[in-house]
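So you can see what is in the structure, the chains are spelled out below.
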Amino acid sequence: MTDKKFNRTLVTTALPYANGPIHLGHFAGTFLPADIYVRYKRLRGEDIIHIGGSDEHGVPITIRAEKEGITPQQVVDRFHNLQKDALAKANISIDNFSRTSLPVHHATAQEFFLDMEQKGIFVKKTEKQFYDEDAKMFLSDRYVTGTCPVCGNTDANGDQCENCGTYLSATELINPKSKITSKTPVLRETLHWYFPLGKYQKQLEAFINQHEGDWRQNVINYSRTWLNSGLTDRAITRDLSWGVNVPLTSDDAKGKVLYVWFDAVLGYISSTKEWAVKHGKPDTWKKYWLQPDTRLIHFIGKDNVVFHTLMFPAMLMAKNEGSAEQYILPDNVPASEFMNIEGKKFSKSRGYAIYLSDFLEKFPADTLRYMIAMNYPENRDTDFSWKEFQSRTNSELADTLGNFVKRVIDFTNARMGGVVPEVAENQLSENDTHLKSQILTRVGATDTEAQVKPAFTITEYYEQFSIRSAVFETMQIAGLANKYFNDETPWKSIKENPEKCKRTIFVSLNVCYSLAIIFYPILPDTSKKIFRMLGIEDDIDEKIKQGAIKWDDVKTFQLRGGHKLSGTSEILFKKIEDADIEPELKKIDQMISDAQTAEQAKTEQVKSEAAPPAHETAAVAKPVITIEDFEKIDLRVGTVTACEKVPKADKLLKLQVRIGANERQILSGIAMHFTPEEMVGKNILVVANLAPRKMRGLDSNGMLLAVEGSDGKLNLVQPQGDGINGNAVK
Ligand code: 2FM
Ligand code: ZN
């Protein structure tokens, strides 16, 4: 835990590859939580900038260009602009959305490389790499596809298997194929620059330890998994033509570019430089990167953790060595888990995705922002479902928040001449002050005697990046306001007790003002509409920037008696009908059936190529077998005696399983479904005579049986009964 005093904050969002549009995964994992946090901090009057851009290098771009028969530049031009527009439509108030193809970025990345090269930090090594003899080129990372040695997925990439999450090197793939020509590549020698990550092991361990307790546990765990297995040299150059050229310090560098991850993380720095130039103060980027009182925060998805907690910090440590300029290291890396869609894993490559701009063509940005924020995958994978989107919009946004604000404004306009009533604050009733104190307690102001304190205040939730809880508590306040208005029945008191009615409306209008403030981070459009109806017409973003509207304004009544409202009122949220989401549900069905068809076609192809057994899916029926065939399988009951995670393999568990008198080791891709602790002591069903195989260099003797549920979760096949260990299935 650090206890540093910061004077400004630099927030970054992971740069999405410019090979496709922004999808809900990007939005939920990085852009929305970052934007909510930044807007909240702006309301607190803090100096904060939000920096990002698109990642325009790397194989994902060139593969798309080749598929479409266009240049990589054309690919990135198209998608950078689409990404930028979609983010603007979603009201992501990013201060600069840059591009890594810009000269400022190339210069920055080359400066880092040259500095390290001159300081003798890199190691140069000749290694064997796959080469496509027909295409006459080396195949780096994703240009090679093949079968994952861990889970059997036949579509694994040369750097990572999308199915089980294991980081691979291309030479580990079974049946490697070139993505360009589909030919089997050959191994050839090539020279590359390596960054000696291992040299920074101690420093990185100290860095991660220092953040134990304030970083999310998943971020600490992912980083420790890497640290525990020992950091090694990482190749940071590639034989490609698209990317940042390796500076030509020798002939060896010809035809080589920097590895996309080496340049992408530096995109945060170059984007800040571009932002500073656009603001006419080119040197201000230094204030954000080189002063220790800046707090650096990276919003990323879980698949990017180690690049931000180990690789980038190590690069910055290397750059800082012997230099007067000292780059700051990240103070927090709030990494998200994943957001599924309708219970199924999102997959861009399988076409199972919802794109941000498509969504926003049909539904307002604030409805999406709310739904996603309430399901922010903070500590576990969450789900986006259209039905939930409909019900949250209708019951929480429309019936709670929208309804309260509209009733108050309409009542004031119709019955009070559209003017805030004059009320002496010391004459407010207990109910009136109770509502105010409940709001203060939840928001986190201190000058209140609350009876029921929430576990944390909204302010505390934001400060600790618990976005989902902050949003949930914010909506609770709208619920309290709605209840207060109903209980006070101003439509009756206006006749029976006009002074009471005035007090109710005075309080309610001020609560509308408070709601406009506390919902501003989550629902910026709605917040502005509320301000407008309340007669605050100016540019709200600007007012916040100048400190004229601020978070702490909820502590006091901001609208004084006599203040005139705009006199208009609008419906904040239109209800979503079944008919509005039916086409979307149909699209999901279509995506699922397309994915199944593709999966089936793939399986057929694999069978016809007599490739190793594919990762089986429920959609594929298997050929009929005889009883003799079945009897070849030795199915036994085993008991798990010990279990641990396999380093660098997110999904793999290493189990010790006792079957009768013998104990054996089995590796299984179930780590996302079960913790090692919950496996120990379980009776499981094991294919005991499966030929031994190696996974991640470890022996696996057998396979355990499990079945996927409709929620995508695995269930173990667990035989019941006493004294069954070691027995065969009959
Ligand atoms: O995983 C990705 O989509 C990468 N383009 C993220 C890069 S984050 C940062 F380093 F720029
Ligand atoms: Zn795999």
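Up top is the structure.
My aim in this report is to walk through the structure given alongside it, one point at a time.

How each quantity is defined
- Residues numbered from 1 in each chain as written.
- Chains lettered and ligands numbered in written order.
- Predicted model: local features only at pLDDT ≥ 70, side-chain atom pairs only at ≥ 80, totals over all residues.
- Heavy atoms only, no water.
- Near = heavy atom within 4 Å.
- Polar contact = N/O pair within 3.5 Å; in protein donor to acceptor, adjacent residues only side chain to side chain.
- Areas by Shrake-Rupley, 256 points an atom, 1.4 Å probe, with all protein chains shown as cover.
- Helix = DSSP H or I, 4+ residues; strand = E, 2+ residues; numbered from the N terminus.
- Nonpolar A, V, L, I, M, F, W, Y, C, P; charged D, E, K, R; others polar.
- Donors = N, O, S within 2.8 Å, 3.2 Å for Na, K, Ca; no water.
- Tetrahedral: all angles 85-135°; square planar, octahedral: opposite > 155°, others 65-115°.
- Buried < 20%, exposed > 50% of the residue type's maximum accessible area, 1.4 Å probe, protein only.
- Phe/Tyr/Trp six-rings, centres within 6.5 Å; stacked < 30°, edge-to-face > 60°.
- Lys NZ or Arg CZ within 6 Å of the ring centre and 35° of its normal.

## What about the site of ligand 1?
Then comes step 1: As a structural note, the neighbourhood of ligand 1 is formed by Ala14, Leu15, Tyr17, Asp55, Trp261, Ala264, Val265, Tyr268, Asn304 and His308.
Then comes step 2: At a separation of 2.8 Å, a nitrogen atom of ligand 1 approaches a polar side-chain atom of Asp55.
Then comes step 3: Here an oxygen atom of ligand 1 and a side-chain polar atom of Asn304 are 3.4 Å apart.
Then comes step 4: Alone, ligand 1 offers 330 Å² of accessible surface; in the complex the protein occludes 90% of this.
Then comes step 5: For the shell around ligand 1, the element with the highest residue contribution is helix H7 (residues 260-278), accounting for 4 residues.
Then comes step 6: Here the residues of the shell around ligand 1 are counted per class, giving 7 nonpolar, 2 polar and 1 charged.

## With respect to the coordination of the zinc ion (ligand 2)
Then comes step 1: The coordination sphere of the zinc ion (ligand 2), as far as protein atoms go, consists of Cys148 (SG), Cys151 (SG), Cys161 (SG) and Cys164 (SG), spread over 2.2 to 2.4 Å.
Then comes step 2: The site at the zinc ion (ligand 2) holds 4 donor atoms, and with the angles between them running 106 to 115°, its shape is tetrahedral.
Then comes step 3: Donor residues binding the zinc ion (ligand 2) come from one chain and are separated in sequence as C-x2-C-x9-C-x2-C. Of the two residues, Cys161 and Cys164, both sit in the buried class.

## Quick word on the packing of aromatic side chains
Then comes step 1: A full pass over the atoms with the stated rule returns 35 aromatic pairs.
Then comes step 2: Between Phe363 and Trp386, the aromatic rings sit 5.7 Å apart at their centres with planes inclined by 45°, giving tilted as the arrangement. Placement of the pair is Phe363 in the loop between helix H10 (356-362) and helix H11 (365-374) and Trp386 in helix H12 (residues 386-415), with a sequence separation of 23 residues. Note on accessibility: Phe363 and Trp386 belong to one class, buried.
Then comes step 3: Pairwise contacts between aromatic rings join Phe112, Tyr268, Trp285, Trp289, Phe312 and Tyr327 into one cluster.
Then comes step 4: The cationic tip of Lys302 hangs over the ring face of Phe338; the distance from NZ or CZ to the ring centre is 4.6 Å.
Then comes step 5: When the ring centre of Phe557 is taken as reference, the NZ or CZ atom of Lys436 above it lies at 5.0 Å.

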